[in-house]
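# Coordinate analysis (summary)
Chain by chain, the residues run as shown.
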Amino acid sequence: YELAEEAFSRACKLDPQNYSLYNKLGATQANSNHPDGSKKAILNYRKALELKPNYVRSWANMGISYANQSKYQAAAKYYL
């Protein structure tokens, strides 16, 4: 996951308007074994949603990341 995170981070720098790359970076961070993975992922999901507010995949991933942190009220907002 570390190498994938580096690759997606670089890709985001090269193409900063690509919402899909930010979502993929977030997913990589969330699925890593890093203790702050879900927290870091949320920042990238937010960026993806800034670029494309109706991007359903990022909405769902935000909910999952908040749920992984036991922030269920915040997670519910993204599921609804």
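In what follows, the structure referred to is the one given above.
Our subject in this report is the structure included herewith.

Conventions and cut-offs
Residues numbered from 1 in each chain as written. Predicted model: local features only at pLDDT ≥ 70, side-chain atom pairs only at ≥ 80, totals over all residues. Heavy atoms only, no water. Phe/Tyr/Trp six-rings, centres within 6.5 Å; stacked < 30°, edge-to-face > 60°. Helix = DSSP H or I, 4+ residues; strand = E, 2+ residues; numbered from the N terminus. Lys NZ or Arg CZ within 6 Å of the ring centre and 35° of its normal.

## Notes on the packing of aromatic side chains
Applying the stated rule across the entire model yields three aromatic pairs. Relative to Tyr 55, the ring of Tyr 19 lies with its centre 4.7 Å away and its plane at 70°, an arrangement referred to as edge-to-face. Note that Tyr 19 is positioned in helix H2 (residues 19-31) and Tyr 55 in the loop between helix H3 (37-51) and helix H4 (56-68), a separation of 36 residues in sequence. Consider the rings of Tyr 66 and Tyr 78, whose centres lie 5.7 Å apart with planes at 20°: the pair is stacked. Here Tyr 78 lies in helix H5 (residues 72-79) and Tyr 66 lies in helix H4, a separation of twelve residues in the sequence. Pairwise contacts between aromatic rings join Trp 59, Tyr 66 and Tyr 78 into one cluster. The ring of Tyr 22 carries the charged tip of Lys 47 above its face, separated from the ring centre by 5.9 Å.

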